[in-house]
Amino acid sequence: MNELPLGGKVAFVTGAGRPRGIGRAAALELAKAGADVVVSDLARPGRRIGNLPTVAEDDGGLHEVVAEIEGLGGSALAFALDVTDEDEVRAAVAATVDRFGRIDVLFNNAGTPVGVKPFLELSTDDWMHSWNVHVMGCVFMCRAVVPTMQANGGGVIINNSSASGLRALPEYGGYTATKHALIGLTKTLALEFGPDGIRAVAICPGDIATDMADLGMKLAAAQSGVSASELESLAPLDTIALRRRGEAAEVGRTVAWLASDGASYISGNALLIDGGLMEGM
Amino acid sequence: MIDFALAGKTAIVTGGTAGIGRAVATQFVEAGARVGVVGRREAGTAIAIEIGGTFINADVTDQSQVAALFAGAATKFGPLDVIVLNAGIDPGQATIADTQPEDLERNLDVNFRHVFWGLKHGPAHMRDSGSIIVTSSTVAVTKVPTIAHYAAAKEAVVSLVKTAALELGERGIRVNAVLPGTTLSEMTPEDHWEVEVMRTMLPLGRHAVAGEDLVGLYQFLASDASRYVTGQAIACDGGMTAGLSYGLLRGVGAQV
């Protein structure tokens, strides 16, 4: 066990620019496990929801992640990448293969809270954007990366779904439906590419302390007319078996493990990382 | 990868002298844990020494022996960090109509009551933030004719796992189930009826090997890397429960 579990492997993580995000945490854990890591995030001014910023509006976040990965001794590469743009995806994947020669681990993590609204207020654009980021983003990345994995004799695709991929919350319709879809997509990938030695796994984080979760909370607060701090105080930690929110690093470590040979027979799963939120009261 | 290490942790593995349990005990020792290997076979002491653990002779179907084994282990090792309730038996194949009452009872004793006694008596001797892992099976979610009560017991222990996760969460103790698919082991050797039948159903195209494909999940769940994962039933089945494989579909003549 002295050898690093992902030594010599190359991982590609989308949505990795947020300082408190699961993508950044996963990129760092993958690097700690020995992988070279490619990180990407949306770099141009993002779609806005009201007055709240959505994703990284510059690539400063990515530069910091790159520095952190290099600080851990790994090689890193960063791309400003909109996963809903297949041309950009293809270019980034081609550049990655040029640089590293392979991609062993793909963590489709980029997400958007744009689908968090009361159902009757969700516009068709909101629906399509949520679909494009959560589902087509994964489709575009997989179309570009799977042939490389097939050529290398295998790989691991990890898709960041959500506890909302398995159950619903009121006023999370666009998010919930597309995260459900991502689990179906993951199972399809597991079945179609299993014979190529490619594993596909969905992870389903529960309430993790990230900007995205807090943004969802703020949106829900704004819609229900209470302050975010009031809503946070109402957030039912008592419904979580472990009585606390999760940390991004806790999800990141799960991603690193799934990427490793320690999970060599795990495929097609939807794995909850929720502190026991979904198992009862 | 310090998070996956088990250095300084104490683990108890029931059914630890053979099959998946032996592979898990071996892996835990390699990852730095002190491991109590629970079993009943005469060769248990020799097997435990070979693994690098300590043999604990106990009949895990006997409530008083289960209580005593955890109390004894805690006295010897200090508070326990990890308990793997893995002991199991293959009750053989029979339809519900043909099932003998003694086979049903034996199955419930080992595959169900043993887990209940472990969850009842183990946590009192655990450190807060410890981890309990129960070996279930993919038959908890996907049924096969002729193994009704085995499948029912394996589904029942998933229910126990979820309730225990809720009851022990306040102590930070996590409780999860592992659902192995067909895994080559002493209980399921190469010539077991299930092995050839299931081969075509596996998206990864191969059966699991306990020491290579299963132990990583147990180590993950035992380690701090999984410290926000609780109440889960995690399949380790090569994709079998995700849906119908190419092999199965082609076997029935589907054009895919």
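Preceding this section is the structure that the text describes.
Below, the structure is looked at part by part.

The rules behind each value
- Residues numbered from 1 in each chain as written.
- Chains lettered and ligands numbered in written order.
- Predicted model: local features only at pLDDT ≥ 70, side-chain atom pairs only at ≥ 80, totals over all residues.
- Heavy atoms only, no water.
- Pairing = 2+ DSSP bridges.
- Helix = DSSP H or I, 4+ residues; strand = E, 2+ residues; numbered from the N terminus.
- Axes fitted to C-alpha atoms, helices over the stretch in contact; angles between N-to-C directions.
- Contact = heavy atoms within 4.5 Å.
- Buried < 20%, exposed > 50% of the residue type's maximum accessible area, 1.4 Å probe, protein only.
- Right-handed = clockwise from strand over helix to strand, strands pointing away.
- Phe/Tyr/Trp six-rings, centres within 6.5 Å; stacked < 30°, edge-to-face > 60°.

### Overview of the sheet that holds strand 5 (residues 155-160) of chain A
Residue and element names in this part refer to chain A. Taken together, the seven strands give an open sheet; going across it, the order is 3-2-1-4-5-6-7, and neighbouring strands pair in parallel fashion. At either end of the open sheet lies a strand with only one pairing partner, and these are strand 3 (76-80) and strand 7 (270-273). Adjacent strand axes in the sheet meet at a mean angle of 20 degrees when their direction is disregarded. Pairing between strand 4 (residues 105-108) and strand 5: four bridges, direction parallel. Residue V105 lies in a different strand from strand 5, and its bridge partner there is V156. Against the sheet, helix 8 (residues 248-259) makes contact with strand 4, strand 5, strand 6 (198-205) and strand 7, and its axis sits at roughly 165 degrees relative to strand 6, the strand it touches most.

### With respect to the sheet that holds strand 4 (residues 80-85) of chain B
Residue and element names in this part refer to chain B. Across the sheet, seven strands lie side by side as 3-2-1-4-5-6-9; this open sheet has parallel pairing. At either end of the open sheet lies a strand with only one pairing partner, and these are strand 3 (54-57) and strand 9 (233-236). Neighbour-to-neighbour, the strand axes of this sheet turn through a mean angle of 20 degrees, independent of strand direction. Here strand 4 pairs with strand 5 (residues 126-135) via five bridges, running parallel. Each residue of the ladder has a partner; that of V82, found in strand 5, is S131. The strands touched by helix 5 (residues 148-168) within the sheet are strand 5, strand 6 (174-180) and strand 9, with strand 6 carrying the most contacts at an inclination of about 160 degrees.

### Observations regarding the pairing of strand 5 of chain A
All names here are of chain A. The buried fraction of strand 5 amounts to six of the six residues, a majority that puts the element mostly inside the structure. Of the two faces of strand 5, the one carrying G155, I157 and N159 and the one carrying V156, I158 and N160 are both buried. In this view, the connection linking strand 4 to its parallel neighbour strand 5 by way of helix 4 (residues 124-152) has right-handed handedness. Direction of pairing for strand 5 relative to strand 6: parallel, over a ladder of six bridges. Bridge pairing in strand 6 links I157 to A200. With helix 5 (residues 173-193) bridging strand 5 and the parallel strand 6, this β-α-β connection has right-handed handedness.

### Focus: unusual backbone geometry
A positive phi is found at A:E171, a non-glycine position, where the angle reads about 70 degrees. Looking at the element boundaries, A:E171 is found in the loop between strand 5 and helix 5. Its relative accessible area of 35% is what places A:E171 among the partly exposed residues. Within the chain, B:S129 stands out as a residue other than glycine whose phi angle is a positive 80 degrees. Tracing the backbone through its elements, the reader meets B:S129 in strand 5.

### Quick notes on the packing of aromatic side chains
Following the criterion strictly, the structure yields five aromatic pairs over all chains and no others. Their ring planes at 5 degrees and their centres at 4.0 Å tell us that A:W257 and B:F220 sit as a pair that is stacked. Of this pair, A:W257 sits in helix 8 while B:F220 is found in helix 7 (residues 210-222), placing the two residues in two different chains. Both residues of the pair, A:W257 and B:F220, belong to the buried class. With a centroid separation of 5.7 Å and an interplanar angle of 90 degrees, the aromatic rings of B:F116 and B:W117 are classed as edge-to-face.

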